[in-house]
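# Analysis of the macromolecular model
Residue-level listing of the chains:
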Amino acid sequence: MRFNFKKITSVAAGVMFTCIFIVTLFFGSFVRVYYPDFSTMLFVSFVIFFGGIGFAIIERNIMIGVMTILVTMLIPFITKNFMDYWESYLKFLYSFF
């Protein structure tokens, strides 16, 4: 039985960075209690950037790296548009927003 090491590391890295991303979004307010200068969007950008670059290195694909850089630069724009559209609805449902 042969294992595809590239596929295993890609999936493991993807799961790890997805978990970090989700935990940061949901528990960012609790982290700010101990580290007031913590920025959730900067950390999410960090995770996406290094996860994408790591995936690009594993896959040896320059286009994945370029797309990662573009997506990382678009995160503040996407967040602003998302919050402008959904902010009132989310504040009504969830008190921590």
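Keep in mind that this is a model prediction, so the values were computed, not measured.

The pLDDT averaged across the protein chain works out to 79; a share of 93% of its residues lies at or above 70. Helix 2 (residues 40–59) holds the highest mean pLDDT among the elements of the protein chain, 82, whereas helix 1 (residues 5–34) holds the lowest, 79.

Turning next to the layout of surface pockets. The calculated volume of the second largest pocket comes to roughly 190 Å³. Mapped onto the lining of the second largest pocket, the elements with two or more residues apiece are helix 1, helix 2 and helix 3 (62–93). Examining the composition of the lining of the second largest pocket, we find that five residues originate from one element, helix 2, more than from any other. Considered class by class, the residues forming the lining of the second largest pocket number seven nonpolar, four polar and no charged.

Cut-offs and rules
Residues numbered from 1 in each chain as written. Predicted model: local features only at pLDDT ≥ 70, side-chain atom pairs only at ≥ 80, totals over all residues. Heavy atoms only, no water. pLDDT = per-residue confidence, 0-100. Helix = DSSP H or I, 4+ residues; strand = E, 2+ residues; numbered from the N terminus. 1 Å grid on protein atoms, 1.4 Å probe; cavity = no way out; pocket = protein on both sides within 12 Å on 5 of 7 lines; lining within 4 Å. Points joined across faces, edges and corners; volume = space filled by probe spheres on them. Nonpolar A, V, L, I, M, F, W, Y, C, P; charged D, E, K, R; others polar.

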